Amino acid sequence: MPRVSALDLPDVPKGHLPPHLELQRTRVLCASDAPTHTETIQYSGAYASVGVDNSLRLDQFCRDFRVEVIRLTEDDMEFDMVGIDPSLANAFRRILIAEVPTMAIEKVLIANNTSVVQDEVLAHRLGLIPIKVDPRLFEYMSENDTPNEKNTIVFKLHVKCKIKGPRLTVKSDELKWLSNGSELPLEMESHTSDPASKQKTYTAFTCSQVSLPEFSNNPIAPKHQDIIIAKLGPGQEIELEAHAVKGMGKTHAKWSPVSTAWYRMLPEVVLLQEVEDEMAEELVKKCPVNVFDIEDVGKGKKRATVARSRACTLCRECIRGEDWEKRVALRRVKDHFIFTIESTGALPPEVLFTEAVKILEDKCERVITELS
Amino acid sequence: MEHGSSKDLTASTFSLADEDHTLANSVRFTLNQDPRVTFCGYSIPHPSDARVNIRVQTTGDPAKEVLKDALQDLMIMCQHVRSTFDNAVAEFRTSKTVEDMKIK
Ligand code: SF4
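Fair warning: this is a prediction, and the values are worked out from it, not measured in the lab.

## Let's talk about the sheet that holds strand 5 (residues 102-113) of chain A
Residue and element names in this part refer to chain A.
Item 1. An order of 5-12-7-9 is seen for the 4 strands of this open sheet, with the pairing classed as antiparallel. Each having just a single partner strand, strand 5 and strand 9 (176-178) make up the two edges of the open sheet. Across this sheet, the average inter-strand angle for adjacent strands is 30°, counted without regard to direction.
Item 2. Bridge analysis of strand 7 (residues 153-160) against strand 9 gives 3 bridges, and the strand direction is antiparallel. Looking at strand 9, one finds that Lys156 is bridged to Lys176.
Item 3. Here helix 4 (residues 119-127) sits on the sheet in contact with strand 5 and strand 12 (237-247), set at roughly 150° to strand 5.

Right, here's the structure in full:
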């Protein structure tokens, strides 16, 4: 911007920001060397000297905040979130990745493993298999808890490759849900307890999980049936029991309910001057994702227009070269987030997002009660 | 846990256990938007400690009350986000079913 004396600046009506400040407040300017004005102006008195109140008014937020769903399928969704500060959008993203709980295999009791996959590697692979079950129906298991039907899901895996048979690929559909809990006996108990009583196992289920109304019609199983766990050669065998418990992504990524959750700010492409004829052709050709179109303005004249600014990847190809930065401006809208959630399958993405928001509410509530 | 002078209630540091950037950054935003706040910021003293310190200085009100109000604001915003989101999803679903019916 050219330097002008403060005395020569035009008067700005009170209560409004001059256009250049408004632009800096609401847009990130992406120049060819680096983006500028990337920060958000949070301080309430930032514009006090021009008589503009930058404080948060909840009624204003409630009026302007908008959500629009673009795509929603069984396990991924994309939506636009407009009128919110990045600190909140980022909080939701962080919670989605690290703090929304799911169920994942945590303990593996290996009875026999003669495959080439070592026990610990096998256990790790099992841990990463997404399980299709609503984690809200379960409780966390703390260190001193005994595993019961409310905090543990037990799977059994027993496969053997026939001697002289072809090699066998073990897939996740071999994981069979044991609704009655563990079948492996606790060894040290076997001598003392009288033989008539039921043999104690590694879990203490008081009832079968099938008898619980939540699971009677939808059995618990891995989300995908075709995840390869191991490959067995002739004569090799795996026999094990896997215990899944509730946990959070910040403990281990296997509990993360999303494969990714991310957002990007809405790109805005603006033509600062008319781009015509050959220049227009050149501009259209420059952009690899076809952001620009050509429009006929009659008399054989052609003009470039911005048709699909949302598709812009900000590769900055269009502002490369002599003078192009004077013709095209690349910006990002600071409070418009294109949010994408890819669920691993435990919960649908829209439920995950509401859960994430609820978790942030709970955090606030916890601190408020602690302070009072 | 609150650290501050017992005479001057307008400036305090709050040390929150088991919290991180997720809450601290959001509440810094709502605090900064409150006209009663002259300064606020947060820091994580050590990355392997699950703890965050939030500093609040105000124009005269007790820092604790201002922080509580900021958290309250954040909660209201969250509730609004949740209801708006649910409405948007419901709207998307109905428009989808109408579209599907048209195809058939
Ligand atoms: S920055 Fe890249 S993608 Fe965006 S309009 Fe320019 S050339 Fe196209």
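## Some remarks on the layout of surface pockets
Item 1. Its volume calculated, the largest pocket comes out at about 760 Å³.
Item 2. Taken together, 27 residues line the largest pocket, and the ones lying closest to its centre are Arg25(A), Asn54(A), Gln60(A), Asp335(A) and Gln33(B).
Item 3. Per element, the largest residue contribution to the lining of the largest pocket is 4 residues, and it comes from helix 2 (residues 58-64) of chain A.
Item 4. Split by residue class, the lining of the largest pocket holds 9 nonpolar, 8 polar and 10 charged.
Item 5. Estimates place the volume of the second largest pocket at around 360 Å³.
Item 6. Lining the second largest pocket we find 18 residues, and of these Glu106(A), Lys107(A), Met141(A), Ser142(A) and Val245(A) sit closest to its centre.
Item 7. Within the residue set of the lining of the second largest pocket, elements represented by two or more residues are strand 5 and strand 12 of chain A.
Item 8. When residues in the lining of the second largest pocket are grouped by element, the largest group, 4 residues, is from strand 12 of chain A.

Procedures and definitions
- Residues numbered from 1 in each chain as written.
- Chains lettered and ligands numbered in written order.
- Predicted model: local features only at pLDDT ≥ 70, side-chain atom pairs only at ≥ 80, totals over all residues.
- Heavy atoms only, no water.
- Pairing = 2+ DSSP bridges.
- Helix = DSSP H or I, 4+ residues; strand = E, 2+ residues; numbered from the N terminus.
- Axes fitted to C-alpha atoms, helices over the stretch in contact; angles between N-to-C directions.
- Contact = heavy atoms within 4.5 Å.
- 1 Å grid on protein atoms, 1.4 Å probe; cavity = no way out; pocket = protein on both sides within 12 Å on 5 of 7 lines; lining within 4 Å.
- Points joined across faces, edges and corners; volume = space filled by probe spheres on them.
- Nonpolar A, V, L, I, M, F, W, Y, C, P; charged D, E, K, R; others polar.

Spatial relationships are all this shows, so hold off on functional conclusions.
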